Each structure stands twice: as structure tokens, then as C-alpha cells.
Amino acid sequence: MRISNQILMPALVVCTLTACSNSKKNNQSKTAKTMETNQVEETSSDESEKAVVFFLSVKNPDETDAYNDYSSASHELLTEAGATTIGMYNIDTTVFGDCAGQTFGYAEAPTEKVLTNVFSSDEYKALIPTRDKAFTSMNIFIGTWNELADSNVLNSDKESLFLTVGAINSEEQEAYHTYVDESEKVATSYGINTLLSFKINKQIAGECGSDFIWLKEGNDDSVWGALSEDENYKKWVPFRNKGIASMNGYIITKK
């Protein structure tokens, strides 16, 4: 499927890797760098609010034992803290962006502090060398719900599911909101719907900075390309270019 480099919407932005890279260098609101768990800072978010931890990873095929050890031990730590796995997905296609992804998953916890405590714990810190062996790429984010559907599980009967991980240009908030609002109207005409939306508050590990994560659905994979060619959509591209610092998009399927 050929997808134009014009598309960037609340579910999808398509650009060349060079363009995305340049945008990051010039605009990205967050420094894209690895953050080890002992650098996690407390936030001022409402600690009564449920929080979500996200994993975007690529497994090291030569380190199966390390992968199994890390997966088992980290899952146990999160479960003991009260976190519940919501969904696990295979990444079928990286449509745009340069943040590697093979698997995406997320779990919900009672509060953000619960998650922060897990990743700041001595038990988790001891797992970091194993994690680094098990994955060639691992991004871990903590966030909160922006939009909550009837269920926090991603339920859809549509053929195409789309994951977006992106960062906002903090100096162009108005352009960002204009783009999101107006492109959403065009997207709706193609049967593209928002399923779940999250605000990212902190990054635990990885080099792919993010302010938000969106999960969208479409009737099939062709809708993303069709939207990119829509003249009503194209007029909002300048707002996209101002308001979005970086974006990575993936077609996903449930494991």
C-alpha cells in the first residue's frame, strides 16, 4: 500500500524518515534520551487518577532466555503492585517515523505513584541489565487517560487498527489543537474513529520521546492513504507541521 507523506492526523501522520528526523531536531518538546529508573521524577498529577504504563519494544532474537526472565519478573512486580494488563499487540507495519516497534502493550494501575514506585524499586533496577539484553529497543511510558471508551480494552470490529506515538511542539500549542480538531472532522468522513487516547507524563526508558498515544480504527488499511489525498485534509497540513514535533505510526493487530 502506498501512503502519501502528506498525512498526519490524530491517528496518522506520514512523512519521510528524513523529514521526521529534522522535525525532531528542530522542534521536539522533549529531549529524546534514555531515562533510567533512578531518574524518574515525581509529577503533580492527581494521584487518585488511574495511570497506564506502555511498552513499545523490539525483542533481541539472540536473547530468548533474557527476554523470558525479564518478562516474567517485570510482570510479577507490576502485578504485585496492583497493575492489570489491558492489551498486547503485534506491530504489523511501521508506516512512518523512526522509532522501532515490534510489540506494543499497556497495563493499568491504581495511581501513577504505584507505577513510579515499581520502576524506581531496587527489584526493578536489578532487572535493567537483563532488559537491555532482551530487547534491541525498549520504550516505557507512564500516562493517564485522555478519553475512556465504554471499556478500557481496545474493542473494534474494524479491519485496521492504528497506533500513534507522538510529541507536541510546546511553542505551537494553538496550531496543534487547530490541526487535531479540524483533521478529526475530515477523518470521520472516512470512518476513522478514536478508540483510546492517552497523555504521557513521564518516560522510564527508551529514546522515542512522547506526549501522547492514540489508538484508532479504520474500515481497512486503505483509509489512511485516501485521507492523505483529501483536499480538505491537506489545507490543515501547515498546522500539523507547526504543532507536531515528532510522530510515529504503526498498523497493529491484537495478540
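Residues numbered from 1 in each chain as written. Predicted model: local features only at pLDDT ≥ 70, side-chain atom pairs only at ≥ 80, totals over all residues. Heavy atoms only, no water.

(A) Inspection of the overall build of the protein at higher detail. Secondary structure summary: the protein contains 9 helices and 8 strands in total. Taking all 255 residues of the protein together, 51% fall into the buried category. Counted over contacts in the protein with a minimum sequence separation of 6, partners at least 24 positions apart contribute 86%. Carbon and sulfur atoms make up 45% of the accessible area of the protein, which totals about 11600 Å². (Helix = DSSP H or I, 4+ residues; strand = E, 2+ residues; numbered from the N terminus. Buried < 20%, exposed > 50% of the residue type's maximum accessible area, 1.4 Å probe, protein only. Contact = heavy atoms within 4.5 Å. Areas by Shrake-Rupley, 256 points an atom, 1.4 Å probe, with all protein chains shown as cover.)

(B) Fine view of the state of the cysteines. Summed over the entire model, instances satisfying the criterion amount to 1 disulfide. The disulfide that involves Cys99 links it to Cys208, with 2.1 Å between the sulfurs. Here Cys99 and Cys208 share a disulfide; its torsion about the S-S bond, 105°, makes the bridge right-handed. Of the two residues, Cys99 sits in the loop between strand E2 (84-96) and strand E3 (103-109) while Cys208 sits in the loop between strand E6 (193-205) and strand E7 (212-218), which places them 109 residues apart along the sequence. Each member of the pair Cys99 and Cys208 is classed as buried. (Disulfide = S-S within 2.5 Å.)

(C) Representation of helix H3 (residues 112-120) within the structure. Those residues of H3 lying buried are Glu112, Leu115, Thr116, Val118 and Phe119. An end-on view of H3 places all buried positions within 160° of arc, on one side of the element. (Arc of directions from axis to C-beta.)

(D) Examining the pattern of salt bridges more closely. Summed over all chains, the structure comprises 7 salt bridges. With a closest N to O distance of 3.7 Å, Arg131 and Asp132 form a salt bridge. Here the residues in one salt-bridge network are Glu229, Glu231 and Lys234, joined through shared partners. (Salt bridge = Lys/Arg side-chain N within 4 Å of Asp/Glu carboxyl O.)

(E) Representation of the packing of aromatic side chains. This structure, assessed with the given rule, holds 18 aromatic pairs. Plain terms: the ring middles of Phe54 and Phe198 are 4.8 Å apart, the flat faces sit at 70° to each other, and that makes the pair edge-to-face. Here the residue Phe54 occupies a position in strand E1 (residues 51-59), and Phe198 occupies one in strand E6, the gap between them amounting to 144 residues. Within the aromatic cluster, the residues linked to one another by ring pairs are Phe54, Tyr89, Phe104, Tyr106, Trp145 and Phe198. If you follow Lys59 out to its NZ or CZ, it ends over the ring of Tyr67, 4.3 Å from the centre. (Phe/Tyr/Trp six-rings, centres within 6.5 Å; stacked < 30°, edge-to-face > 60°. Lys NZ or Arg CZ within 6 Å of the ring centre and 35° of its normal.)

(F) Structural view of the pairing of E6. In this sheet, E7 lies alongside E6 in antiparallel orientation, the contact comprising 6 bridges. The residue bridging Phe198 from the neighbouring strand is Ile213, located in E7. (Pairing = 2+ DSSP bridges.)

(G) Representation of the pairing of E2 in the model. Taken together, the 6 bridges between E2 and E3 define a ladder with antiparallel strand orientation. For Asn90, the partnering residue across the bridge sits in E3 and is Thr103. Joining the antiparallel neighbours E2 and E3 is a turn of 6 residues, in which Gly97 adopts a positive phi near 95°. Here E2 pairs with strand E8 (residues 244-254) via 6 bridges, running antiparallel. Bridged to Phe96 within E8 is Gly249.

(H) Summary view of the environment of Glu182. Along the chain, Glu182 turns up in helix H6 (residues 173-188). Look at Glu182 and you get partly exposed, because its relative accessible area is 22%. C-alpha of Glu182 to C-alpha of Trp236: the two residues are 54 residues apart in sequence and 7.2 Å apart in space.

(I) Structural detail: the confidence of the model for the protein. Mean pLDDT over the protein stands at 83; residues scoring 70 or higher make up 78%. Below a pLDDT of 50 lies the segment residues 1-45, which in the model reaches 131 contacts outside its immediate sequence neighbourhood of four places, other chains included. (pLDDT = per-residue confidence, 0-100.)

(J) Structural view of the environment of Pro129. Relative to the helices and strands, Pro129 resides in helix H5 (residues 128-134). Linking Pro129 and Tyr70, residues 59 residues apart in sequence, is a C-alpha distance of 9.4 Å.

(K) Molecular detail of a negative patch on the surface. On the surface, Glu76, Glu80, Asp122 and Glu123 cluster together to form a negatively charged patch. If you list the elements that add at least two residues to the negative patch, you get helix H2 (64-80) and helix H4 (122-125). By the secondary structure assignment, Glu123 is in helix H4. (Patch = residues over 30% accessible without salt bridge, like charges linked within 9 Å, V, L, I, M, F, W, Y side chains within 5 Å. Lys, Arg positive; Asp, Glu negative; His and termini not counted. Charge placed at Lys NZ, Arg CZ, Asp CG, Glu CD.)

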